[in-house]
Amino acid sequence: MDDIPADPPVRFAEQALLGALLLEPLRIKTLGPLGPEHFSVAMHGALFAAMSALTPPAPDIHAREPVWITALLDRARPHARGLTASYLHTLTDACPNPSHAPAYAQMIVANRARLTIRAAAERLVQAATDPVLPNPAAHVLDRTDAVAAVLDDLGGLFPSHPGSLPRTVLPPPPTRDTGTGPDAAGEEQLLLSTVAAHPACLPEMRWLRPEDFTVPLHGVLYRCMASLAYRGDPIDAVTVLWEAQHHGLIASGTTAREVLDLLATPAGSPEHWGEQILQRSLLHHAHTTGLHIHAYTNDPANTPHQLITGSRRALADLGAVRARWQHATRPPSAVPPRAKPAPASRAGPPTPRTTPPAVSTRASR
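For clarity, every value in this text was computed on a predicted model and none was experimentally measured.

Trainee: Which residues make up the packing of helix α6 (residues 101–129) against helix α7 (residues 136–155), and what are the values?
Mentor: With their axes 8 Å apart at the nearest point, α6 and α7 run at an angle of 170° to one another. Between α6 and α7, the angle is such that the two are roughly antiparallel. Touching Ala113, Thr116, Ile117, Ala120, Ala121, Arg123, Leu124, Ala127 and Ala128 of α6 are His139, Val140, Arg143, Thr144, Val147, Val150, Leu151 and Leu154, all from α7. Class assignment of the residues belonging to the contact of α6 with α7 gives a composition of twelve nonpolar, three polar and two charged.

Trainee: Describe the packing of helix α1 (residues 9–23) against helix α5 (residues 85–93), and please don't skip the residues or the numbers.
Mentor: In the contact formed by α1 and α5, the axes pass within 7 Å of each other and the chain directions differ by 100°. In terms of their interaxial angle, α1 and α5 are classed as roughly perpendicular. Along the contact surface, α1 presents Gln15, Leu18, Gly19, Leu22 and Leu23, while α5 presents Tyr87, Leu88, Leu91 and Thr92.

Trainee: I'd like a rundown of helix α4 (residues 67–76), residues and numbers included.
Mentor: For α4, the set of buried residues is Trp68, Leu72, Leu73 and Ala76. Each buried residue of α4 sits inside an arc of 130° when the element is viewed along its axis, so together they form one side. Against α1, α2 (42–53), α3 (59–64) and α5 lie the buried residues of α4.

Trainee: Any chance you could break down the environment of Pro162 for me, citing the residues and the numbers?
Mentor: Along the chain, Pro162 turns up in the loop between α7 and α8 (184–197). Taking C-alpha positions, Pro162 is 9.6 Å from His305, a pair spaced 143 residues apart along the chain.

Trainee: Requested: an account of the packing of aromatic side chains, with residues and values cited.
Mentor: For the structure on display, the rule yields two aromatic pairs. Geometrically, the ring pair formed by Phe39 and Phe48 is tilted, given 5.1 Å between the ring centres and 35° between the ring planes. What makes Phe39 buried here is its relative accessible area of 6%. Between Phe213 and Tyr222, the ring centres sit 5.3 Å apart and the planes meet at 40°, which makes this aromatic pair tilted.

Basis of the calculations
- Residues numbered from 1 in each chain as written.
- Predicted model: local features only at pLDDT ≥ 70, side-chain atom pairs only at ≥ 80, totals over all residues.
- Heavy atoms only, no water.
- Axes fitted to C-alpha atoms, helices over the stretch in contact; angles between N-to-C directions.
- Helix = DSSP H or I, 4+ residues; strand = E, 2+ residues; numbered from the N terminus.
- Parallel < 35°, antiparallel > 145°, perpendicular 65-115°, else oblique.
- Contact = heavy atoms within 4.5 Å.
- Nonpolar A, V, L, I, M, F, W, Y, C, P; charged D, E, K, R; others polar.
- Buried < 20%, exposed > 50% of the residue type's maximum accessible area, 1.4 Å probe, protein only.
- Arc of directions from axis to C-beta.
- Phe/Tyr/Trp six-rings, centres within 6.5 Å; stacked < 30°, edge-to-face > 60°.

Below is the structure:
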């Protein structure tokens, strides 16, 4: 909250709204879904809570006697001890036009929507970068669902319309080594070595992509293996080295011996190492998504429509990685068995069965 200016526009909107309700109390019935929690100043929220709890006086009584002012002070002061009668006069002076109260209320709700989206994005970033969570992927997906739920709730208040994409300049993605730990490169090397030794697993690991790797060299080598598997070519350390040459890896400075050494220590299960790599990729994309949504909320030029639309688009980018993660980690019983095609007959298609010709009784005699 340190980046919020000392006198944000919403503060003047709150003063204008409260001033309108002090001048014309019955306008509180025209404000829509506004509550004390939407106010950025605690004193303003306490005063609005008092206004919502009390019955506004009749217009003729309100014009003659300060019963409304007195009742509000008595009700709100226990929750806002700095509230004075002089500040209530300041609020009335801050209201340009009491009939504009619904517009002021909408501004307050919009500001609260911005802060709500920002808080959800911050929790997503925290989950994606917490190194001690026992199940980081599940926690991040829960936080992702929480962001989506916030956007769905706010979407009813601020429906999207054409031209509502934000124009915010987004920050670059965080470096891939952030939060990956010292085992990232080692596990990627183990995956490459094990796949080179047991390439039959590759068709079942289409959920893993070269861009999931933290080390670019490892991603290129995995792309080489995937290319060989796609063409049906044999896969071992030497064929991968030859394919790497065609991908420009040797010309870029990597030596043939370095490639062979990377592929020389198979161990464990390729699926296990692949899931570890994909989980890091999922956390990285969640971190990036949270930072992008946070950047949208930090840009005061964005309307609530733009915040919701931009945030949903950021979540959609994360959704592609999420789908691959769920495919990789679903239990074997959840994978539908592949239908086996019926074996083709070597004799060709069966001929239609015909009725044998009748035997002549005369010929048989």
